[in-house]
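Topology and contacts: notes
These are the residues of each chain, in order.
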Amino acid sequence: MTAQHFLVQGASRGIGLAMVTRLLARADITHVYACSRAPQNSSPLQTLASAHPGRLTLLPLDITLEADIVRAAATVGERHERLHGLINCAGVLHDDALSLQPEKRLEQIDASALDASFRVNTFGPMLLARHFFPLLKHDQPARFATLSARVGSISDNAMGGWYSYRASKAAQNQFTRTFAIEARRRAKQLIILALHPGTTDTALSQPFQKNVPEKKLFTTDFVAESLLNIVFNATTEDSGRFIAWDGQDIPW
Ligand SMILES: NC(=O)c1ccc[n+]([C@@H]2O[C@H](COP(=O)([O-])OP(=O)(O)OC[C@H]3O[C@@H](n4cnc5c(N)ncnc54)[C@H](OP(=O)(O)O)[C@@H]3O)[C@@H](O)[C@H]2O)c1
């Protein structure tokens, strides 16, 4: 069996945690790196690490700190020559500590909240790609998938609102598309995808769930399974696509 090493960023909870759980359940995945700002404080991650000794490595990584990303890439590189998948699940929509709330009106735009949003949702995936590219660029199939959101689609925007989240995800999408174009030349086996999970029952969506029809609010396990199916079934022809949980393309 060929070794398959995956890394999940934003693994402490929500969709990222479900991704780690699902990856560990697959016999073809030989090692998983689960990255989070404070993995030592995530009891689900600690439980998984005890259940999968030697197969799961927990790494501290704050996606807003480039030094953390550089350090994590070096740690992975010391252990494994290559990664076969990197899935970025970090994202922020609201955060009291950052005074970040989705804006309903122009007057609610705040420079420091905007900055915080872009640091997590846009600069984060760009810097992950920048520093993990050497581990993803090799002669075996590899995947870089980053969780975006349908509201980041410019052409799909009929409702307005949520300026910082929409703009930071739209910028993430532009990055993903651009990275896929560069990778076509420089890393022919690397498949790059932007993924939309659908509305999922996590802390991120919690304040906005009341108008979501019951069957449209997905569990993290369902979403992780759906998105991993897309990730594993994708070919190099799919690189540069923005795909929803049900396999449908989302217009950029
Ligand atoms: N839930 C939904 O309905 C929905 C819909 C569309 C798109 N999405 C996207 O799906 C992804 C996962 O979301 P989720 O629902 O699983 O959210 P979640 O449960 O709130 O988890 C968010 C993750 O992002 C990381 N993160 C949050 N704030 C951060 C900060 N300030 N600095 C660094 N890292 C930070 C956290 O990492 P730590 O592990 O370090 O805590 C956490 O694991 C996000 O990109 C989100 O935009 C979600």
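Above this note sits the structure.
Source: prediction; values computed, not measured. The numbers attached to residues start from 1 for each chain and follow its sequence in the written order. Since the coordinates come from a predicted model, pLDDT governs what is reported: local features require at least 70, and pairs of side-chain atoms require 80 or more to be given and counted, while whole-chain, interface and lining totals use all residues.

1. What about the overall build of the protein chain?
- Looking only at helices and strands, the protein chain has six helices and seven strands in total.
- Each helix is a run of DSSP H or I of at least 4 residues and each strand a run of E of at least 2, with the numbering of both proceeding from the N terminus. In the protein chain, the succession of α and β elements from N to C terminus is β-α-β-α-β-α-β-α-β-α-β-α-β.
- A radius of gyration in this sense is built from C-alpha atoms; the matching globule rule multiplies 2.2 Å by the number of residues raised to 0.38. At 17 Å, the protein chain has a C-alpha radius of gyration in line with the 18 Å of a compact globule built from 252 residues.
- Taken along its principal axes, the extent of the C-alpha atoms in the protein chain is 55 × 40 × 40 Å.
- Each residue is classed by its C-beta neighbour count within 10 Å, where at least 20 other C-beta atoms makes it buried, 12 or fewer makes it exposed, and intermediate counts make it partly exposed; the C-beta atoms are placed from backbone geometry. The burial tally for the protein chain puts 42% of its 252 residues in the buried class.
- Throughout, a pair of residues is in contact if the C-beta atoms placed from their backbones lie within 7 Å. The contacts of the protein chain with a sequence gap of at least 6 include a subset with a gap of at least 24, amounting to 71%.

2. Comments concerning the site of the ligand
- Any residue whose C-beta atom, as set from the backbone, lies within 6 Å of a molecule or strand is reported as near that molecule or strand. In the vicinity of the ligand there are 27 residues, among which Ser12, Gly14, Ser36, Gly91 and Thr202 approach most closely.
- With three residues, helix α1 (residues 14–25) is the single largest residue contributor to the shell around the ligand.
- Each residue is assigned to one class: nonpolar for Ala, Val, Leu, Ile, Met, Phe, Trp, Tyr, Cys and Pro, charged for Asp, Glu, Lys and Arg, and polar for all the others, Gly among them. Its residues assigned to classes, the shell around the ligand shows twelve nonpolar, eleven polar and four charged.

3. Here we look at the sheet that holds strand β5 (residues 142–147)
- Taken together, the seven strands give an open sheet; going across it, the order is β3-β2-β1-β4-β5-β6-β7, and neighbouring strands pair in parallel fashion. Two strands close off the open sheet at either side, each with one partner strand: β3 (56–60) and β7 (241–244). The average undirected angle you get between the axes of adjacent strands in this sheet is 20°.
- Of the strands in this sheet, β4 (85–88), β5, β6 (190–196) and β7 are in contact with helix α6 (residues 220–233), which crosses β6 at around 155°. Strand pairing is assigned whenever DSSP identifies at least 2 bridges connecting the two strands. To obtain an axis, a line is fitted to C-alpha atoms, over the contacting stretch when the element is a helix, and the angle between two such axes runs from 0 to 180 degrees between their N-to-C directions.

4. Some thoughts on the nonpolar core
- Core analysis: the biggest nonpolar cluster contains 65 residues, and Val8, Met19, Val20 and Ala34 have the highest contact counts within it.
- At seven residues, helix α4 (residues 111–136) tops the list of elements feeding residues into this core. Take the buried Ala, Val, Leu, Ile, Met, Phe, Trp, Tyr and Cys residues, join any whose C-beta atoms are within 7 Å, and the set you get is a nonpolar core.

5. A short note on α6
- The span you would expect from a helix comes to 1.5 Å times its residue count less one. With 14 residues, α6 should cover 20 Å at 1.5 Å per step; its first-to-last C-alpha distance of 20 Å lies within 8% of that length.
- Listed in full, the buried residues belonging to α6 are Thr220, Val223, Ala224, Leu227, Leu228 and Val231. Along the long axis of α6, the arc covered by the buried residues comes to 125°, so they all point the same way.
- Contacts made by the buried residues of α6 are with α1, β4, β5 and β6. Taken from the helix axis, the directions to the C-beta atoms give the arc we talk about.

6. Here's the deal with the environment of Ala27
- Tracing the chain through its elements places Ala27 in the loop between α1 and β2 (31–36).
- On the basis of neighbour counts, which here come to 7 C-beta atoms within 10 Å, the residue Ala27 falls in the exposed class.
- In the structure, Ala27 is positioned 23 residues away from Gln4 in sequence and 9.8 Å away in space, judged by C-alpha atoms.

7. What to know about the environment of Arg119
- Looking at the element boundaries, Arg119 is found in helix α4.
- On the neighbour-count criterion, Arg119 (18 C-beta atoms within 10 Å) is partly exposed.
- Expressed as a C-alpha distance, the spacing of Arg119 and Ile63, which sit 56 residues apart in the sequence, is 7.9 Å.
- Beyond its immediate sequence surroundings of up to four residues, Arg119 is in contact with Thr64 and Gly124.

8. Points about unusual backbone geometry
- Of note, Ser99 is a non-glycine position whose phi angle comes to about 55°, a positive value.
- Structurally, Ser99 can be placed in the loop between β4 and α4.
- A tally of 11 C-beta atoms within 10 Å means that Ser99 is categorised as exposed.

9. A short note on the pairing of β6
- In terms of residue burial, β6 counts as a mostly covered element, since seven of its seven residues are buried.
- With burial as the criterion, each face of β6 is covered, one bearing Leu190, Ile192, Ala194 and His196 and the other bearing Ile191, Leu193 and Leu195.
- Both β5 and β6 contribute to a ladder of six bridges, which runs parallel. Along β6, the bridge assignment pairs Leu147 with Leu195.
- Whether a crossover is right-handed comes down to one check: with the strands pointing away from the viewer, does the path from the first strand over the helix to the second run clockwise; if it does, it is right-handed. Taking the sense of rotation as the criterion, the β-α-β connection linking β5, helix α5 (residues 163–186) and β6 turns out right-handed.
- The sheet contact formed by β6 and β7 spans four bridges and is parallel. Each residue of the ladder has a partner; that of Leu195, found in β7, is Ile243.

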